[in-house]
Amino acid sequence: MTDMRTEIETSSAPAWAANRWMRLAALIIGGVLLLAVVQSVSDTSELTTSGTWAAALRLSVPIMLAGLGGMFSERSGIVNIGLEGMMIAGTWFGAWAGWSYGPWQGVLLGVAGGAVFGLIHAIATVTFAVDHIVSGVAINILAAGSMRFLSVVTYTPESGGGATQSPGIKSQIATFDVPVISDFFNWLEAKRIFFVSDASGIIAGLTSNLSWLTVIGLAIVPLSWWVLWRTAWGLRLRSCGENPYAAESLGVPVLRMKYYGVVISGALAGLGGAYLVVVQAGIYREGMTAGRGFLGLAAMIFGNWNPVGTMVGSTLFGYADALRLRQNEAVHALLLAVAIVLVLLAVWSAIRRRYTPAIFEGIFGVLFFTWYITTDSVPSQVVAATPYLVTLLVLAIATQRLRMPAADGLRYRKGEAV
Amino acid sequence: MRTRFMRKGVYVALMLAFALVAAACGGGTNETTTSTAATGGTETTTTTTAAPGASTTTTTEPAGMPGEGVKVGMAYDIGGRGDKSFNDSAAAGLDRAKEEFGIEVQELEPTAGGENREENLRLLAEGGFDPIFAIGFAFAEGVDRVAQDFPDTTFAIVDSVVEQPNVLSLVFAEHEGSALVGAAAALKSQTGTIGFIGGVNIGLINKFEAGYRFGAEYVKPDIEILSTYLTEPPDFSGFNDPAKGKEAALAMFEQGADVVYHAAGGSGTGLFQAAKEFTEQGGSKVWGIGVDSDQYNTVDPELRDYVMTSMLKRVDVAVYTTIKNFVEEVPQDPITVFDVKADGVGYSTSGGFVDDIVPQLEELKQKIIDGMVTVPDTLE
């Protein structure tokens, strides 16, 4: 039964996928063009530089990994708001092993640390049917407290660490430039040709000075898509999140699958934490996750519980953060971009005779445009809120198309089917 | 129907939980929700039962010293002893006073979210400690309340002004110290561009930036200064986010700055990481400037070569002086400003990277002391 369904999906994949890839390509080119136009109209320079996109990539990977973690858990039917706590475990163990042994050991132990907290969440929610939210909140508190305790007992003043921070890790993971591509596009970026240099800046940013761990993180996106949608195991996992009783009746070991989902979730969040330490900070610092686990959840919802969508959502957060940290004025230019997108959406909706959304999008588009024209800058408080505003907008517009797994967050007990 | 409602509830709860944790991360000012208080309770148990030796210590020195019978209570802010910065500096002042005067000492530190700051003050007051130090501006509200409940106890708060008859406010002229390192940055810059990274965009940190800008422009009027704040209040995570600190610093280096000063607490290590990375990847030599303590001594040894100087904020001097006055029964002003003149702020020379410009820095310092130069403490 399961095999048959997989087969059907696979056989119908090419035409469907080609269409989707075309759309994706069109969206990307359109997006770059938009940024290029906005950049040339306003006085910013950072929207499409390689530096901004390299920073955006580094800032979005931990969020994305947490989001992918959330996806595995929720696809199996377990809501996981303990991602933040699992990420905290990942940062602490990543830094400890990174300091004691080396960066790659840090990555491994960070993953393991996250997985352990994932296991705790699984035991609580799957075996003992504790409310998922209650358990998740408990995980967050437990992780923060126990990492503090571990710091106190582990780091002596002589080690260079203390109650709130670790000593620096031994060395960084090697970075590399993608041969030829990186050089070529860096060269092209410097030419300052409209659109061409903008696109080159983005490509150069994403291909220069890459950490191997970034590559691994990005590879998890297609990998998790493949596992969840192209293997029998993935179908079983998803069936537990959609209708566990139907899955049970077909012989799927629902409890075990949920365990897998939640533990993988913790491992990925832990990897996100380890990335934060090993690639970015080089040190553990209490509170360094700063809500990235929750941003991951938001990115996952934004991405409709899909890996590619989750990646896009976290890129949005990472890009907005990078822009804000690099050039405050650039965020002002984003207002123009948002206005243009909204107006285009309004036109699109009007063509498809969906007049109510068209009017809303049009009104908001005009509002954003007025805001852009009448001000020179965005207040810094609003700048900090930009990614969240954009997410809200996207959710408001796309909300009809978002669908969480049908049995997500519900209690499941074996053999309780009605 | 019911299940749909429940699942909506799940996400409402999720947002609530986010707010809760954000508040806990912020730690600064949030003491309102019951759930946060519950969080605090849980963590208190963890810390006190798990590591009693580390978080609370009571010691009595041998008799015959001037401070005999004086019981000093110390309530640290988040991080406590071992934070390599603010709290450690306060601890150093306390240790010195203990050694010299033989006072009795009790130290407490709050939970990671800082929810029980006020509780710690109250515990010390009930334990008969006098004076009681509150280390950090986040204690302001707590000190205000507890001081009214214990009118016979003297409280001392660092970095904030609390107007109560029994409270000593110990504040620093961070803008003056920042002016000195601003001058150092401008004098040392080869590119004519320097940077400032603030942890959180609040008045206290604006003070650092104002002084830094003033000092830099004082020695080089045409200097260009980049400035970034990592987070906006009430999100206080900017003081503990080295990843963001590093990205902000890398951006400044890429935009041509070659000296960057941070007032971003724990995010600051990211600055020195960025300086090392940028320098090693073929960029020219760039520098970071530390804050609060002499960061040359607190960063990882491999990062030392990138700490040009540090703006010293002598919390240890403030704590020591206050205890000394208390022991010797010297009356103290309700508000004491530890400025350049009182050696409360200054710059460090560890590593010898600024040795060549010390004469110019000393000249500016002297002018500030003499009142010939007034450093602004707010951004215009």
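Residues numbered from 1 in each chain as written. Chains lettered and ligands numbered in written order. Predicted model: local features only at pLDDT ≥ 70, side-chain atom pairs only at ≥ 80, totals over all residues. Heavy atoms only, no water.

1. Some details on the overall build of chain A
From N to C terminus, chain A includes 17 helices and 2 strands. Expressed as lengths along the three principal axes of its C-alpha atoms, the size of chain A is roughly 60 × 60 × 40 Å. Residues counted as buried form 54% of the 418 residues belonging to chain A. If you average the places of the 26 positive and of the 22 negative side-chain charges in chain A, the two averages end up 7 Å apart. (Helix = DSSP H or I, 4+ residues; strand = E, 2+ residues; numbered from the N terminus. Buried < 20%, exposed > 50% of the residue type's maximum accessible area, 1.4 Å probe, protein only. Lys, Arg positive; Asp, Glu negative; His and termini not counted. Charge placed at Lys NZ, Arg CZ, Asp CG, Glu CD.)

2. Some words on the overall build of chain B
For chain B, the count of helices and strands is 12 helices and 13 strands. Residues counted as buried form 59% of the 380 residues belonging to chain B. Restricting to contacts in chain B with at least 6 residues of sequence separation, those with at least 24 account for 70%. For chain B, the computed accessible surface area is about 14800 Å², with 53% contributed by carbon and sulfur atoms. (Contact = heavy atoms within 4.5 Å. Areas by Shrake-Rupley, 256 points an atom, 1.4 Å probe, with all protein chains shown as cover.)

3. Things to note about the pattern of salt bridges
Residue and element names in this part refer to chain B. Applying the stated rule across the entire model yields 25 salt bridges over all chains. Across the pair R96 and E100 runs a salt bridge whose closest N-O atoms are separated by 3.3 Å. Of this pair, R96 and E100 both sit in helix α4 (residues 86–101), 4 residues apart, which is roughly one turn of the helix. On the basis of relative accessibility, which here comes to 44%, the residue R96 falls in the partly exposed class. In this structure, the salt-bridge partner of D159 is K313, at a minimum N-O distance of 2.8 Å. A residue pair is termed long-range when its members are at least 10 positions apart, and D159 in the loop between β5 (155–158) and β6 (167–172) and K313 in strand β11 (residues 307–313) qualify at 154 residues. (Salt bridge = Lys/Arg side-chain N within 4 Å of Asp/Glu carboxyl O.)

4. Describing unusual backbone geometry
Omega for the peptide link from D130 of chain B to P131 of chain B comes to 5 degrees, which places this bond in the cis form. Tracing the backbone shows P131 of chain B in the loop between α5 (117–126) and β4 (132–135). The phi torsion at F195 of chain A lies on the positive side, around 65 degrees, for a residue other than glycine. With respect to the element layout, F195 of chain A can be found in the loop between α7 (181–189) and α8 (196–207). Classification of F195 of chain A as partly exposed rests on a relative accessible area of 25%. Its identity is not glycine, yet E329 of chain B carries a phi of approximately 55 degrees, on the positive side. Mapped onto the elements of the fold, E329 of chain B is located in the loop between α11 (315–327) and β12 (335–338).

5. Examining the domain arrangement of chain A
All names here are of chain A. For chain A, the assigned domains are domain 1 (45–171 + 207–304) and domain 2 (327–403). Inter-centroid distance (C-alpha atoms) of domain 1 to domain 2 is 31 Å. Listed as interface residues are 8 residues of domain 1 and, on the opposing side, 11 residues of domain 2. Carbon and sulfur atoms make up 62% of the area that domain 1 and domain 2 hide from each other, which totals about 800 Å². Area buried by domain 1 at its contact with domain 2 is led by L47, F302 and N304, which between them contribute 54% of it. For the pair domain 1 and domain 2, the number of links is 1 salt bridge. Taken together, the connections running from domain 1 to domain 2 amount to 4 residue pairs in polar contact (both at pLDDT 80 or more). (Domains from an automatic or database assignment. Buried area = accessible area lost by both parts, 1.4 Å probe. Polar contact = N/O pair within 3.5 Å; in protein donor to acceptor, adjacent residues only side chain to side chain.)

6. What to know about the interface of chain B and chain A
Contact residues are listed per partner, giving 51 residues for chain B and 59 residues for chain A. Buried area between chain B and chain A, summed over both chains or domains, comes out near 4400 Å², and the portion from carbon and sulfur atoms is 58%. Across the contact surface, chain B and chain A share 5 salt bridges. At the level of secondary structure, the elements contributing two or more residues to the side of chain B that touches chain A comprise α1 (2–26), α2 (34–50), β8 (224–231), α9 (242–254) and α10 (268–280) of chain B.

7. Focus: the packing of helix α14 (residues 307–326) of chain A against α9 of chain B
Contact geometry for α14 of chain A and α9 of chain B: axes closest at 9 Å, N-to-C directions at 55 degrees. By the angle between their directions, the pair α14 of chain A and α9 of chain B is classed as oblique. Relative to α9 of chain B, α14 of chain A is oriented so that their crossing is right-handed. Contact residues: D321, R324, L325 and R326 of chain A in α14 of chain A; K244, E247, A248, A251 and E254 of chain B in α9 of chain B. Taken together, the residues of the contact of α14 of chain A with α9 of chain B break down into 3 nonpolar, no polar and 6 charged. (Axes fitted to C-alpha atoms, helices over the stretch in contact; angles between N-to-C directions. Parallel < 35°, antiparallel > 145°, perpendicular 65-115°, else oblique. Left-handed = near helix turned anticlockwise from the far one by under 90°. Nonpolar A, V, L, I, M, F, W, Y, C, P; charged D, E, K, R; others polar.)

8. What about the pairing of β5 of chain B?
All names here are of chain B. With burial as the criterion, each face of β5 is covered, one bearing F155 and I157 and the other bearing A156 and V158. Bridge count for β4 against β5 is 4 bridges, and the pairing is parallel. Residue pairing across strands places I135 opposite V158, the latter belonging to β5. Considered for its hand, the β-α-β crossover made up of β4, helix α6 (residues 140–149) and β5 is right-handed. (Pairing = 2+ DSSP bridges. Right-handed = clockwise from strand over helix to strand, strands pointing away.)

9. Looking at the sheet that holds strand β7 (residues 193–200) of chain B
Each strand in a sheet pairs with another by means of backbone hydrogen bonds, the pair being arranged parallel or else antiparallel. Residues and elements named next belong to chain B. Here 6 strands make up an open sheet; going across it, the order is β8-β7-β9-β10-β11-β13 and the pairing mixed. Taken across any chain shown, the strands that pair with only one partner, and hence form the sheet edges, are β8 and β13 (345–347). Within the sheet, the average angular offset between the axes of one strand and its neighbour, ignoring direction, is 15 degrees. Examined bridge by bridge, strand β10 (residues 287–292) and β11 share 5 bridges and lie parallel to one another. Following the sheet pairing, G288 is matched in β11 by V307. In the packing of α9 onto the sheet, the strands contacted are β7, β8, β9 (259–263) and β10, and the crossing angle to β8 comes to about 160 degrees.

10. Examining the environment of L108 of chain B
Among the secondary structure elements, L108 of chain B is positioned in strand β3 (residues 104–108). What makes L108 of chain B buried here is its relative accessible area of 11%.

11. Looking at the confidence of the model for chain B
Interpretation of the predicted coordinates at a detailed level should be avoided for regions scoring low in pLDDT. Residues and elements named next belong to chain B. Summing up the model confidence of chain B, the mean pLDDT is 84 and the portion of residues at 70 or higher is 83%. The low-confidence segment residues 19–57, where pLDDT is below 50, has 48 contacts with residues more than four positions distant or belonging to other chains. The ipTM for the predicted assembly is 0.87, set against a pTM of 0.84. (pLDDT = per-residue confidence, 0-100.)

12. Some points on the packing of helix α9 (residues 212–230) of chain A against helix α10 (residues 232–242) of chain A
All names here are of chain A. Packing of α9 against α10 leaves a shortest axis separation of 5 Å and a crossing angle of 75 degrees. The pairing of α9 with α10 is recorded here as roughly perpendicular in orientation. The segment α9 lies against α10, with V227, L228, W229 and R230 engaging A232, W233, G234, L235, L237 and R238. In terms of residue class, the contact of α9 with α10 is built from 7 nonpolar, 1 polar and 2 charged.

13. Let's talk about the environment of E361 of chain A
Residues and elements named next belong to chain A. Within the secondary structure, E361 is located in helix α16 (residues 355–374). Put simply, E361 and V394 are 33 residues apart on the chain and 11 Å apart in space, counted from C-alpha to C-alpha. In contact with E361, other than residues within four places in its own chain, are L342, L345, A346, S349 and I397.

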